[in-house]
Every structure is written in C-alpha cells, then in structure tokens.
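Residue-level listing of the chains:
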Amino acid sequence: MKILAVDYGETRTGLAICDESELLATPLPQITEKSMNKVAAYIAEAAAKEGAARILLGLPMNMDGTEGARAGKSRRLAGKVEEASGLPVALWDERRTTITAAGILSDNGVFGQKRKDRLDSVSAAVILEGYLAWRKNHPED
C-alpha cells in the first residue's frame, strides 16, 4: 500500500511517499505554507495525486516519551487531513528524525539553501522508514 508521510512544521512541511511494496521511501517537494487549513488541503491533494491509501503524520515527542509542545497542533492537523482526504491518518513518533535527516544530507554534501529546501521532506522519509520497518513486524496492524 502506498503511504504518504508528513513532517509538519511551522513554516515548512515535509512529505514522502513509499512504493506499493512498502520498501522505498521517497521524499517529495515540501509545502511552504503556514495556514493549517491550507497545509491540510495540500496534504490531501498530494495523497490523491500519489495514490496513497494511508497518511502517516509525525507526532512530536519528548525524549522521555511524553508528547512535545507541538503534539496538539499535529493532532489537530491529523483531524483536518483525515477530513480533507477521506483517508485514515496515523500518528507516528518523530523523535530524532530531523537530526537523522540532517546527517543524511550532510553525508551527501547537501548544505545551505539546498539543505533547507530538502530537510523536512527527508525527515518525512525517515519517519516513513521507521513506520515501514514496524509494519514488517506487525502486518496485522
């Protein structure tokens, strides 16, 4: 099943999609919009365009496992995306994904504006990879 992953941010929202076999997570162009309603509409549009059957939204968590300050906004966005897309939206722990994504970009020599333009979508791909790994061990969920 194709799954669209979302790394929701204040000014940029990253997107990534997996293939039908759930093996490859590919970053998509970022959304540069601040309005939650517009972000939800863009996500729903991307899901339809990519043929996604599910949407995965990163949930900001603290290192101790409690929800981070932005978790409430992410939960509100999840409801708006579900309503706009008609697809199920799952929340997934996004701890350390931006750090991992920054490391991937650094390892590949991506810095400056190019890094800024890709960081959130690479973070969405990292979120998606974690979820896909979990699904391999929990196929019934």
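This text goes with the structure placed above it.
All values reported here derive from a predicted model rather than from experimental measurement.

A.B. asks: Can you help me understand the overall build of the protein in this one?
C.D. replies: When helices and strands are counted, the protein shows four helices and five strands. Seen in sequence order, the protein has helices and strands lined up from the N terminus as β-β-β-α-β-α-β-α-α. Relative to its length of 141 residues, the protein is compact, with a C-alpha radius of gyration of 14 Å against a globular reference of 14 Å. Dimensions of the protein, computed from C-alpha atoms along their principal axes, come out at roughly 40 × 35 × 35 Å. Among the 141 residues that make up the protein, the fraction classed as buried is 43%. Considering only residue pairs separated by 6 or more positions, the protein has 61% of its internal contacts joining residues 24 or more positions apart. With 19 positive and 20 negative side-chain charges, the protein shows a spacing of 6 Å between the two charge centroids.

A.B. asks: Could you clarify how one ought to interpret the side chain of Asp7 in this entry?
C.D. replies: Counting through the fold element by element, Asp7 comes out in strand β1 (residues 3-7). As a buried residue without a salt bridge, Asp7 has its nearest oppositely charged side chain in Arg70, at a separation of 7.8 Å. In this structure, Asp7 is in contact with Arg12, Thr13, Gly14, Glu94, Thr98, Asp120, Ser123, Ala124 and Ile127, ignoring residues within four places of it in sequence.

A.B. asks: Which parts of the structure should I look at to understand the packing of helix α1 (residues 36-50) against helix α2 (residues 71-85)?
C.D. replies: When two helices pack together, their arrangement is given by the angle between their axes and by how far apart the axes lie. Direction vectors running N to C along α1 and α2 enclose 50°, while the axes themselves pass 9 Å from each other. Judged by the angle between their axes, α1 and α2 are oblique. The handedness of the crossing between α1 and α2 is right-handed. Only Lys73, Arg76, Leu77, Lys80, Val81, Ala84 and Ser85 of α2 make contact with α1, whose side of the interface consists of Met36, Asn37, Val39, Ala40, Ile43 and Ala44.

A.B. asks: Help me out: how do you make sense of the layout of surface pockets in this one?
C.D. replies: Looking at the largest pocket, its volume works out to about 250 Å³. Lining the largest pocket are 17 residues, with Asp7, Tyr8, Glu94, Thr97 and Thr98 positioned closest to its centre. The dominant element in the lining of the largest pocket, judged by the number of residues it contributes, is helix α3 (residues 97-107), at three residues. The class makeup of the residues in the lining of the largest pocket is five nonpolar, four polar and eight charged. Taken as a whole, the second largest pocket encloses approximately 200 Å³ of empty space. Every residue along the wall of the second largest pocket is listed here: Leu15, Leu28, Pro29, Ile31, Tyr42, Glu45, Ala46, Lys49 and Glu50. Listed by contribution, the elements that provide at least two residues to the lining of the second largest pocket are β3 (25-31) and α1.

A.B. asks: Can you walk me through α1 in this structure?
C.D. replies: Every α-helical turn comprises 3.6 residues, leaving residues that sit three or four positions apart pointing alike. Its 15 residues give α1 an end-to-end C-alpha distance of 21 Å, which sits within 8% of 21 Å, the value for a rise of 1.5 Å per residue. All of the buried residues along α1 are Met36, Val39, Ala40, Ile43, Ala44, Ala46 and Ala47. For α1, the angular spread of the buried residues around the axis is 160°, confining them to a single face. In this structure, α1 carries Asn37, Glu45, Ala48 and Lys49 as exposed residues pointing more than 90 degrees from its buried face. On its buried face, α1 sits against β1, β2 (13-18), β3, β4 (54-59) and α2. Of the residues flanking the end of α1, it is Gly51, one or two places downstream, whose phi is positive at about 75°.

Each value, and the rule that gives it
Residues numbered from 1 in each chain as written. Predicted model: local features only at pLDDT ≥ 70, side-chain atom pairs only at ≥ 80, totals over all residues. Heavy atoms only, no water. Helix = DSSP H or I, 4+ residues; strand = E, 2+ residues; numbered from the N terminus. Rg over C-alpha atoms; globule rule 2.2 N^0.38 Å. Buried < 20%, exposed > 50% of the residue type's maximum accessible area, 1.4 Å probe, protein only. Contact = heavy atoms within 4.5 Å. Lys, Arg positive; Asp, Glu negative; His and termini not counted. Charge placed at Lys NZ, Arg CZ, Asp CG, Glu CD. Salt bridge = Lys/Arg side-chain N within 4 Å of Asp/Glu carboxyl O. Axes fitted to C-alpha atoms, helices over the stretch in contact; angles between N-to-C directions. Parallel < 35°, antiparallel > 145°, perpendicular 65-115°, else oblique. Left-handed = near helix turned anticlockwise from the far one by under 90°. 1 Å grid on protein atoms, 1.4 Å probe; cavity = no way out; pocket = protein on both sides within 12 Å on 5 of 7 lines; lining within 4 Å. Points joined across faces, edges and corners; volume = space filled by probe spheres on them. Nonpolar A, V, L, I, M, F, W, Y, C, P; charged D, E, K, R; others polar. Expected span 1.5 Å × (residues − 1). Arc of directions from axis to C-beta.

By themselves, these observations are geometric and do not establish any function.
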